[in-house]
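Next come the chains, spelled out residue by residue.
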Amino acid sequence: MNDLNIVYSNMLQIFSDCSMKFYWKYSKQISYPVLDKNFVVGKNIHALASYYLKGENISKMETALTPREQEFWEYLKTNKYFNLTPIGTEKNILKRLGKYWLGGRLDAIVKSGENVYILDYKTGGVKPDMTYNWQTMIYCLLCEDLLKEYKALSFVYIDLKNKQEVKIDFNADLKQEYEKRLIKVCDEINEFNPKKFQKPASCNCEYDKICE
Ligand code: SF4
């Protein structure tokens, strides 16, 4: 497979789900449109949150929300982490890790004193333990690189669907483990050979027709 350019967490998730799917989507660049109502809702909430944290007047946008979006927004607007001091929103960051580049777009970074929190809003729910989720790993490393002075760094998933937070406290041991796992998966992607791939008998996805 071709050498990776910039590695994003969604790419790693696809590779973990099925290495052949990654090959079709990113190496062969074949994509199918995906109709996902959650995507539109998520996009609207992210835009609203970003304007709000930048201090823009969002009153007109708020009146245009659907009932579902309204419910998500009410939860987010009153969330204790979302109400901390913002230091960045919708931020694109890159970081070099070994021979790879990691990339990500952070929903928001907020702080309370010297404690810094990376926020990520999820409209589709999150698992109870996100410690070794690709997004957690990449975003913690990106932020750790970006921030100059902080006492503690945490990643907080704000689960708008289930109205709860999942928090991961970053530390030196996790940093080592994250770097190890990320380099390992990037090496696996680079070494992946589609000719040696065995398609499972019972699998099915949008690439089924072209996937031999
Ligand atoms: S059809 Fe199966 S093997 Fe092929 S890309 Fe999809 S999930 Fe992977």
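Quantities reported herein were computed from a predicted structural model and do not represent experimental measurements.

Novice: How should the packing of aromatic side chains be read in this particular structure?
Specialist: Any two aromatic rings considered together are summarised by their centre-to-centre distance and by the angle between their planes. If you walk through the whole model with that rule in mind, you get 14 aromatic pairs. Note on Tyr81 and Tyr117: the rings are 5.3 Å apart at their centroids and 55 degrees apart in plane angle, and the pair reads as tilted. Note that Tyr81 is positioned in the loop between α5 (67–77) and β2 (85–97) and Tyr117 in strand β4 (residues 115–122), a separation of 36 residues in sequence. On the basis of relative accessibility, which here comes to 12%, the residue Tyr117 falls in the buried class.

Novice: Would you take a moment to explain the site of the ligand for this structure?
Specialist: Around the ligand, the surrounding shell consists of Cys18, Lys21, Trp24, Phe197, Lys199, Pro200, Cys203, Cys205, Asp208 and Cys211. In terms of residue class, the shell around the ligand is made up of seven nonpolar, no polar and three charged.

Novice: Hey, could you run me through a nonpolar patch on the surface in this one?
Specialist: A contiguous nonpolar surface patch, about 280 Å² in accessible area, is contributed by Tyr8, Leu94 and Trp101. Within the secondary structure, Trp101 is located in strand β3 (residues 100–112). Residue classification places Trp101 among the partly exposed positions, given a relative accessible area of 34%.

Novice: What's the story with the packing of helix α3 (residues 37–53) against α5 in this structure? I'm lost.
Specialist: The relative placement of two packed helices is expressed as an angle between their axes plus a distance between the axes. It is the contact of α3 with α5, at a shortest axis distance of 10 Å, that shows an interaxial angle of 40 degrees. For the element pair α3 / α5, the angle class is oblique. Relative to α5, α3 is oriented so that their crossing is right-handed. Counting all contacts with α3, which are made through Asn38, Val40, Val41, Asn44, Ile45, Leu48, Ala49 and Tyr52, the residues of α5 involved are Arg68, Glu69, Phe72, Trp73, Leu76 and Lys77. Looking at the contact of α3 with α5 residue by residue, the classes come out as nine nonpolar, two polar and three charged.

Novice: What's the story with the pairing of β2 in this structure? I'm lost.
Specialist: Within a regular beta strand, the side chains point alternately toward one face of the sheet and then the other, so they alternate between its two faces. When β2 meets β3, the two strands line up antiparallel, connected through 11 bridges. Residue pairing across strands places Ile93 opposite Gly104, the latter belonging to β3. Connecting β2 to the antiparallel partner β3 that follows it, the hairpin turn spans two residues, and Gly98 within it adopts a positive phi of roughly 60 degrees.

Novice: Looking at this structure, I do not really get the layout of surface pockets. What am I missing?
Specialist: Gaps left between atoms are located by rolling a probe of water-molecule size over the structure's atoms. When its volume is computed, the largest pocket comes out at roughly 1,500 Å³. Lining the largest pocket are 36 residues, and of these Ser9, Asn10, Phe39, Lys122 and Gln135 lie nearest its centre. When residues in the lining of the largest pocket are grouped by element, the largest group, five residues, is from α3. Residue composition of the lining of the largest pocket, by class: 12 nonpolar, 13 polar and 11 charged.

Novice: Please clarify how α5 should be interpreted in this entry.
Specialist: For an α-helix the count is 3.6 residues per turn, leaving residues at separations of three or four pointing the same way. Buried within α5 are the following residues: Glu69, Phe72, Trp73, Tyr75 and Leu76. Within α5, the buried residues cover an arc of 160 degrees as seen down the axis, which keeps them to one side.

Novice: Help me understand unusual backbone geometry, please; the structure alone is not making it clear to me.
Specialist: Among all residues save glycine, negative phi is the norm, and among peptide bonds the norm is trans. Within the chain, Gln29 stands out as a residue other than glycine whose phi angle is a positive 55 degrees. Given a relative accessible area of 66%, Gln29 falls into the exposed group. Of note in this structure, Glu90 is not a glycine but carries a positive phi near 45 degrees. For Glu90, the location among the structural elements is in strand β2.

Novice: Teacher, can you tell me more about the side chain of Glu90 here?
Specialist: Separated by 2.9 Å, the side chains of Glu90 and Arg105 make a polar contact. When sequence neighbours within four positions are dropped, the list of residues in contact with Glu90 reads His46, Ser50, Arg105, Leu106 and Asp107.

Novice: Would you mind going over the pattern of salt bridges with me for this structure?
Specialist: Should the charged atoms of two oppositely charged side chains come close, the side chains can pair. Scanning the model with the defined rule gives 13 salt bridges in all. In this structure, Asp169 engages Lys167 in a salt bridge whose closest nitrogen and oxygen atoms are separated by 3.0 Å. The salt bridge involving Asp208 is made with Lys199; its shortest N-O contact spans 2.6 Å. Accessibility expressed as a relative area gives 30% for Asp208, which makes it partly exposed. Note on Lys199: relative accessible area 29%, which makes it partly exposed. Counted as one network, the salt bridges with shared partners bring together Glu62, Glu74 and Lys77.

How each quantity is defined
Residues numbered from 1 in each chain as written. Predicted model: local features only at pLDDT ≥ 70, side-chain atom pairs only at ≥ 80, totals over all residues. Heavy atoms only, no water. Phe/Tyr/Trp six-rings, centres within 6.5 Å; stacked < 30°, edge-to-face > 60°. Helix = DSSP H or I, 4+ residues; strand = E, 2+ residues; numbered from the N terminus. Buried < 20%, exposed > 50% of the residue type's maximum accessible area, 1.4 Å probe, protein only. Near = heavy atom within 4 Å. Nonpolar A, V, L, I, M, F, W, Y, C, P; charged D, E, K, R; others polar. Patch = residues over 30% accessible without salt bridge, like charges linked within 9 Å, V, L, I, M, F, W, Y side chains within 5 Å. Areas by Shrake-Rupley, 256 points an atom, 1.4 Å probe, with all protein chains shown as cover. Salt bridge = Lys/Arg side-chain N within 4 Å of Asp/Glu carboxyl O. Axes fitted to C-alpha atoms, helices over the stretch in contact; angles between N-to-C directions. Parallel < 35°, antiparallel > 145°, perpendicular 65-115°, else oblique. Left-handed = near helix turned anticlockwise from the far one by under 90°. Contact = heavy atoms within 4.5 Å. Pairing = 2+ DSSP bridges. 1 Å grid on protein atoms, 1.4 Å probe; cavity = no way out; pocket = protein on both sides within 12 Å on 5 of 7 lines; lining within 4 Å. Points joined across faces, edges and corners; volume = space filled by probe spheres on them. Arc of directions from axis to C-beta. Polar contact = N/O pair within 3.5 Å; in protein donor to acceptor, adjacent residues only side chain to side chain.

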